[in-house]
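What the coordinates show
These are the residues of each chain, in order.
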There are 2 protein chains.
Amino acid sequence: MKARVHVTLKNGVLDPQGKAIGNALAGLGFGGVGDVRQGKFIELDIAETDAAKAREQVEQMCKRLLANTVIENYSIELG
Amino acid sequence: MKARVHVTLKNGVLDPQGKAIGNALAGLGFGGVGDVRQGKFIELDIAETDAAKAREQVEQMCKRLLANTVIENYSIELG
């Protein structure tokens, strides 16, 4: 089963990487670009075939390794 | 309009970051984890309200800044 995880900074947490992208886009002449936020996207192949168990396993992975839950949110898609 | 861009390494391109995540997960005792790939996820607020024009603009951003099209794929979602 494939799991797709998005890890994004929480609202209110400064995102210098996103800011840098926004500035670079403005420098390239792209107008009308407002807020830019950069996050991580992780694709995992997991052996577990039961959706509920797989979600629980990936949740644990997020909490223990993939996301820093103090400043980051995560979301999980399976399939 | 919000644009969500995924930038992922092309198949066949070595992904050391993904490998490191896979090894760390195994080290934490998560079994049954196969291939892991890490990509980038970028959220942009753009002023353009016409979907076709917005997509064209974000395509240009991807080609010129956000993705290295030699080794990376990108996908765009609007809305």
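Residues numbered from 1 in each chain as written. Chains lettered and ligands numbered in written order. Predicted model: local features only at pLDDT ≥ 70, side-chain atom pairs only at ≥ 80, totals over all residues. Heavy atoms only, no water.

Here's the deal with the relation of the copies chain B and chain A
- Overlaying chain B on chain A yields an RMSD of 0.0 Å, the required transformation being a rotation through 180° with an accompanying axial translation of 0.0 Å. Read as a symmetry element, the transformation amounts to a two-fold axis. It is B:K40 whose C-alpha, among those of chain B, lies nearest the rotation axis, at 2.4 Å.
- A share of 100% of the interface residues of chain B reappears at the interface of chain A, consistent with the copies meeting face to face through the same patch. (Least-squares fit on C-alpha atoms with pLDDT ≥ 70 in both. Contact = heavy atoms within 4.5 Å.)

Topic: the sheet that holds strand β3 (residues 72–78) of chain B
- The six strands are arranged β3(A)-β1(A)-β2(A)-β2(B)-β1(B)-β3(B) in an open sheet whose pairing can be described as antiparallel. Either end of the sheet is taken by a strand with one partner, and the two such strands are β3 (72–78) of chain A together with β3 of chain B. The sheet shows a mean angle of 25° between the axes of neighbouring strands, direction not considered.
- Lying on the sheet, helix α1 (residues 16–27) of chain A is in contact with β2 (33–46) of chain A together with β2 (33–46) of chain B; it crosses β2(A) at an angle near 125°.
- Where helix α2 (residues 51–66) of chain A meets the sheet, it contacts β1 (2–9), β2 and β3 of chain A together with β2 of chain B, and its direction lies at approximately 155° from that of β3(A). (Pairing = 2+ DSSP bridges. Helix = DSSP H or I, 4+ residues; strand = E, 2+ residues; numbered from the N terminus. Axes fitted to C-alpha atoms, helices over the stretch in contact; angles between N-to-C directions.)

Looking at the interface of chain B and chain A
- Taken together, the contacts link 31 residues of chain B with 31 residues of chain A.
- Carbon and sulfur atoms make up 64% of the area that chain B and chain A hide from each other, which totals about 2600 Å².
- The three residues of chain B that bury the most area against chain A are B:F30, B:F41 and B:L65, which together make up 20% of that side's buried surface.
- Our count for the contact surface shared by chain B and chain A stands at 13 residue pairs in polar contact (both at pLDDT 80 or more).
- Breaking the side of chain B that touches chain A down by element, the ones donating at least two residues are β1 (2–9), α1 (16–27), β2 and α2 (51–66) of chain B.
- At 14 residues, β2(B) tops the list of elements feeding residues into the side of chain B that touches chain A.
- In this structure, β2(A) lies alongside β2(B), joined through 11 bridges in antiparallel fashion. Its bridge partner lying in β2(B), A:R37 is registered against B:E43. (Buried area = accessible area lost by both parts, 1.4 Å probe. Polar contact = N/O pair within 3.5 Å; in protein donor to acceptor, adjacent residues only side chain to side chain.)

Comments concerning the environment of B:D45
- Locating B:D45 in the fold gives a position in strand β2.
- A residue is classified by how much of its surface remains accessible, and B:D45, at 26% relative accessible area, is partly exposed.
- Considered as a pair, B:D45 and B:N23 are 22 residues apart in the sequence and their alpha carbons are 36 Å apart.
- When residues no more than four places from it in sequence are discounted, the contact partners of B:D45 are A:G32, A:V33, A:G34, A:D35, B:M1 and B:K2. (Buried < 20%, exposed > 50% of the residue type's maximum accessible area, 1.4 Å probe, protein only.)

Quick notes on the pattern of salt bridges
- Counted under the stated rule, the structure contains nine salt bridges over all chains.
- With a closest N to O distance of 3.5 Å, A:E77 and A:R4 form a salt bridge. Taken together, the residues span a long stretch of sequence, with A:E77 in strand β3 and A:R4 in strand β1 at a distance of 73 residues.
- With relative accessibility at 35%, the residue A:E77 sits in the partly exposed group.
- You can call A:R4 partly exposed: its relative accessible area is 27%.
- Residue A:E72 pairs with A:K40 through a salt bridge whose shortest N-O separation is 3.9 Å. Taken together, the residues A:E72 in strand β3 and A:K40 in strand β2 connect sequence positions 32 residues apart.
- The structure contains a network of salt bridges with shared partners spanning B:R4, B:E43 and B:E77. (Salt bridge = Lys/Arg side-chain N within 4 Å of Asp/Glu carboxyl O.)

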